[in-house]
Structures are given as structure tokens and as C-alpha cells.
Amino acid sequence: MNGTIRVGNLFGIPFYIHPSWFLVLGLVTWSYSSGLAAQFPQLSAGFALLLGLMTALMLFASVVAHELGHSFVAIRQGIDVKSITLFIFGGLASLEKESKTPGEAFWVAIAGPLVSFLLCGIVTVIGITTTASGPLAAILGVLASVNLALALFNLIPGLPLDGGNILKAIVWKVTGNPYKGVTFASRVGQIFGWVAILSGVLPLILFGSAGNFWNLLVGFFLLQNAGNSAQFARVQEKLTGLTAEDAVTHDSPIVSGNLSLREFADERVISGQNWHRFLVTDDDGQLVGAIAVDNLRNVPTALWSETQVKEVMRPITESTTVQSDQPLLEVIQLLEEQKLSVLPVIRENGVLVGILEKAAIIQLLQSRTQPNPA
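Per chain, residue numbering runs from 1 following the sequence as it is written. Whole-chain, interface and lining totals are the exception, using all residues; otherwise, since this is a predicted model, local features are given only for residues with pLDDT of at least 70 and side-chain atom pairs are given and counted only at 80 or more. As a rule here, side-chain values cover all heavy atoms of the structure and leave hydrogens and water aside.

Participant: How do you make sense of the sheet that holds strand 8 (residues 322-323) when you look at a structure like this?
Facilitator: Sheets are built from strands paired through backbone hydrogen bonds, the pairs being either parallel or antiparallel. The three strands are arranged 8-9-10 in an open sheet whose pairing can be described as mixed. Pairing within the sheet leaves two strands with one partner each, and these edge strands are strand 8 and strand 10 (352-357). Of the strand pairs in this sheet, strand 9 (residues 342-346) and strand 10 are connected by five bridges, and their pairing is antiparallel. From the neighbouring strand, V342 faces strand 10, where its bridge partner is E357. Should any heavy atoms of two residues lie within 4.5 Å, those residues are counted as being in contact. For helices, the fitted line uses only the C-alpha atoms of the stretch in contact; every axis is such a line through C-alpha atoms, and the angle between N-to-C directions lies from 0 to 180 degrees. Only runs of H or I of at least four residues qualify as helices and only runs of E of at least two qualify as strands under DSSP, and these elements are numbered from the N terminus. Helix 10 (residues 328-337) rests against strand 8, strand 9 and strand 10 of the sheet, and its axis sits at about 140° to strand 9. We call two strands paired when DSSP finds no fewer than two bridges between them.

And the structure:
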């Protein structure tokens, strides 16, 4: 997963850490250990460092709890959580699919901030009721304030933040169109991204101060991800209503299993077709297997006339096919998840329609985005 390191499972959810996280962990540990050492001179350097590390780990545990909030609500809606990843800007719960309704999408989005608010309240109550003092009180104060900041920051109403997903759900509810919600929330996210960049650039230009350098990073993060979300939403909207059959390649490489290898070679291979793999059908047009041009090498040329394609073909399992009426968006997701470039498309009765290629989907998308001639 893009250089991330898998460290185990959390409640059955794969848990990953991006290498940048270790840099942030070190910086946070050093920052809080230095602050504790300055605030409490009686602490030894080693103990202050240990407390700083513990504080940093508890802060990241708060980020994980935030993401688990999203994850548990998604799981209750029947949505699989593919992973939770810690990276330089916090955490990310990767969901299998979107919620079915704007109401469900709202609760998935707001669950993370609610967890952070809850942690802030719990830590605050612990600090008050136990009358904690000294370094412990300082650590509890940091945990409470960071969880509060985490909740408030994520409620900024722009994608990819939780507030952006909340805004997306609201616009989706009002318009009835989820993609309009994504587009609107993405634009708001881009606005906040530019504001964050300006807040980092202007002090640097006017006063030579780099104190807001983090704002620059956050701004670029918002701009890039909000832009990607908007672009992806536009693609999804263009493909809405299309099925796998709509993207089937014309003149798909299909041969009858009753053909002899000689007929197959003459009609399909030598005739100039550039396919290297052909789908095989029976007398009823149902998909029964596949044959590659290289498979011909396994049979002596002298036997080609008396050997049928179905004797050489390889069987195809149902898991490597898609139904003709399956939404094209789901097919694209399947291609990406299984890292495939081609899938056979069949009807409910098993009759083969043809093959679906990534290139054909791109061409279909381009044809739908081109303006109609006047």
C-alpha cells in the first residue's frame, strides 16, 4: 500500500503505518519531552523523554480511535473497512464503498469527531476528578486539547476532511445527487486549502517567518485531495447508469469450442487478429473456458486438424467473470482491487457477451464527455 508498513489488525481491520509517521512520532516526542523538562526542571532528561514518548503514543492512539469511530459505524452499515493507516497528517480509514443513503453517510462522517469529543471529555473529567497535578496533569491537558483540536479541525467543511463528508451528505440529501455533494464539498475544501497556503506564505514573504509552515503542508494536502475527489466524482457521475455490457469490446475474441485447432489458427491467429487469448463458448453460447495462442505450441501441428479447441482450453471460474447488468462502477472497482485489465462479461444464463477492457472503459468515458456536434 504505497510504501506503508502493515503492523497487524485492529478488531479485524488491517492496520498500516506510513514511514512518515515515525518522523512525526519522533518530532512530537521531542517537542513534548522538551516542554515537560522546561515546565518541570526536577524531571531527569530520560524520564522526560519517556513521558514525551508516552504522550506521543497516546496522541496517535487518539487518532486511531477517531478512525475506529468511522470504521465501526461503516461496519454496522454493512460496509467493509479495508484498512486503517496512520500517516503524516493523521489517520485514514479506507472503506470498501460509499454509504447507500445521505443519512448513513452523515453518521459515518461524524462518528470520528464525536469519538474525539468524547475522549476530550473523558480525559478532562479524569483530570478534574482525580485532582491530578505535575507532569500527569500536563499530559492530561495535552490529550484533552489535542482531541478537541482533532475534532474541530476535522469538522472543517471541505473534503477530504470529515466536515467535508458531512457537507457532502447534506448536499446529497438536498439535491438527491451524491456527486453534486462531492463536487460542492471538494470546492469548499479547495478554498480552505488556498486559505491555509496563504496563511503560511504571507508571513514568510512579509516577515520572513516560517512559523506557519505546517499550514502550507495542510493547504497542499487539502488542495490535492479535494481536487482528486472532485475529479473522481465527475467520472462516477458520467458512468452512472452504465452496466458492464455497455463497455464490452466490439469483435471480442470469442471462438467456439468445436473448432479444430487448425480452424482456430487459420481464422483467428493467422488472419491478423492481434488477440493473444480467446474466450471459448459451447453450442449454446455459454462461456466454458479460454485458450491462449501459446497453447497451440503444446499440440503437434500434425494433430491440429483432429484436436478441438475445447480439448486444449483452460476452464474459467465464476469469480473471474462479471454479469452483464452489473453497474460499471462496481466493475471498475473489481478491476482495481484484483489488478485486472480484462474481464469476461456474461448474462444471467451464462451466455457470453464479450470481454470488458480498461481501455474500452476509458474510451466510453471520453465519448460521454465530448460535446455533441451542433
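Participant: Explain the environment of L152 here, please?
Facilitator: Examined against the element boundaries, L152 turns out to sit in helix 4 (residues 134-154). Counting along the chain gives 35 residues from L152 to F117, while the straight-line C-alpha distance between them is 8.8 Å.

Participant: How should the sheet that holds strand 4 (residues 90-95) be read in this particular structure?
Facilitator: Taken in spatial order, the four strands of this open sheet run 1-2-3-4, and their pairing is mixed. Edge positions in the sheet fall to strand 1 (5-10) and strand 4, since each of these pairs with one other strand and no more. Ignoring strand direction, the axes of neighbouring strands in this sheet form an average angle of 25°. One ladder, built from three bridges, connects strand 2 (residues 13-17) with strand 3 (residues 81-87); its direction is parallel.

Participant: Can you help me understand the nonpolar core in this one?
Facilitator: One broad rule of soluble globular proteins: the nonpolar side chains tend to lie buried together. Remark: nonpolar core denotes a set of buried residues (Ala, Val, Leu, Ile, Met, Phe, Trp, Tyr, Cys) joined through side-chain atoms within 4.5 Å. Only protein chains enter the area calculation, which uses a 1.4 Å probe; residues under 20% of their type maximum are buried, those over 50% are exposed, and those in between are partly exposed. Ranked by size, the top nonpolar core spans 34 residues in total, and within it F15, W21, L36, L43, I84 and L86 carry the most contacts. When residues in this core are grouped by element, the largest group, nine residues, is from helix 2 (residues 45-76). Setting aside chain neighbours within four positions, we find L36 in contact with L43, A48, L51, G52, P135, A138 and I139. Ranked by size, the runner-up nonpolar core spans 16 residues in total, among them L328, V331, L343 and I361.

Participant: Explanation requested: a nonpolar patch on the surface in the structure shown.
Facilitator: Taken together, the side chains of W107, L114, F117, L148, L152 and L155 define a hydrophobic patch exposed on the protein surface, amounting to about 530 Å² of accessible area. For the nonpolar patch, the elements supplying multiple residues, two or more each, are helix 3 (102-129) and helix 4. With three residues, helix 3 is the single largest residue contributor to the nonpolar patch. Among the structural elements, F117 can be located in helix 3. By definition, no residue in a patch forms a salt bridge, and every one has over 30% relative accessible area; like charges are joined within 9 Å, nonpolar side chains (Val, Leu, Ile, Met, Phe, Trp, Tyr) within 5 Å. In these tables, accessible area is a Shrake-Rupley quantity obtained with a 1.4 Å probe, and a residue counts as shielded only by the protein chains included in the view. In what follows, salt bridge is the name for a side-chain nitrogen of Lys or Arg lying within 4 Å of a carboxyl oxygen of Asp or Glu.

Participant: What exactly am I supposed to notice about the packing of aromatic side chains here?
Facilitator: Two aromatic rings are characterised by how far apart their centres lie and by the angle between their planes. Two aromatic rings, drawn from Phe, Tyr or Trp (for Trp, its six-membered ring), form a pair once their centres lie within 6.5 Å of each other, and the interplanar angle then sorts them: stacked below 30 degrees, edge-to-face above 60, tilted otherwise. Counted according to the given criterion, the structure contains five aromatic pairs. Summarising the aromatic geometry, the rings of W21 and F22 are spaced 5.1 Å apart at their centres and angled 80° between planes, so their arrangement reads as edge-to-face. Assessed through its relative accessible area of 42%, F22 is described here as partly exposed. With 5.3 Å between their ring centres and 80° between their planes, F106 and W107 make a pair best called edge-to-face. A network of ring pairs unites the aromatic residues W21, F22 and F60 as a single cluster.

Participant: Please explain the pattern of salt bridges as it appears in this structure.
Facilitator: Two side chains with opposite charge may pair up if their charged atoms get near one another. This structure, assessed with the given rule, holds four salt bridges. Across the salt bridge formed by E245 and R347, the nearest N and O atoms sit 2.9 Å from each other. You can see E245 sitting in the loop between helix 7 (213-239) and strand 5 (254-256) and its partner R347 sitting in the loop between strand 9 and strand 10, a full 102 residues away along the chain. E245 sits in the partly exposed class, given a relative accessible area of 33%. Here R297 ties to D294 by a salt bridge, and the two come within 3.7 Å at their closest N and O atoms. Residue classification places R297 among the exposed positions, given a relative accessible area of 71%.

Participant: Looking at this model, I keep getting lost on the pairing of strand 9. Mind explaining?
Facilitator: Put simply, side chains in a regular strand alternate between the two faces of the sheet. Among the five residues of strand 9, four are classified as buried, and the element is accordingly described as predominantly covered. Where strand 8 meets strand 9, two bridges bridge the pair, whose relative direction is parallel. From the neighbouring strand, Q323 faces strand 9, where its bridge partner is I346. A crossover counts as right-handed when, viewed with the strands pointing away from the observer, the path leading from the first strand over the helix to the second turns clockwise. In this view, the connection linking strand 8 to its parallel neighbour strand 9 by way of helix 10 has right-handed handedness. Hairpin connection between strand 9 and strand 10: a loop of five residues separates the two successive antiparallel strands, and G350 in this loop has a positive phi of roughly 90°.

Participant: When you look at the packing of helix 3 against helix 4 in this model, what are you seeing that I'm missing?
Facilitator: For any two helices packed against each other, one specifies the crossing angle of their axes together with the interaxial distance. For the pair helix 3 and helix 4, interaxial distance at closest approach is 8 Å and the crossing angle is 160°. In terms of orientation, helix 3 and helix 4 fall into the roughly antiparallel class. Note on packing geometry: the crossing formed by helix 3 with helix 4 is left-handed. Mapping the contact onto sequence places P113, S116, F117, L119, C120, V123, T124, I126 and G127 in helix 3 and L140, L143, A144, N147, L148, L150, A151 and L152 in helix 4. Of the residues assigned to the contact of helix 3 with helix 4, the class counts are 13 nonpolar, four polar and no charged. Should an angle fall under 35 degrees it is called roughly parallel, over 145 degrees roughly antiparallel, and 65 to 115 degrees roughly perpendicular, with every other angle called oblique. For a crossing to be left-handed, the near helix must be turned anticlockwise from the far one by less than a right angle; the clockwise case is right-handed. When residue character is reported, Ala, Val, Leu, Ile, Met, Phe, Trp, Tyr, Cys and Pro are called nonpolar, Asp, Glu, Lys and Arg charged, and the others, Gly included, polar.

Read these as geometric descriptors, not functional statements.
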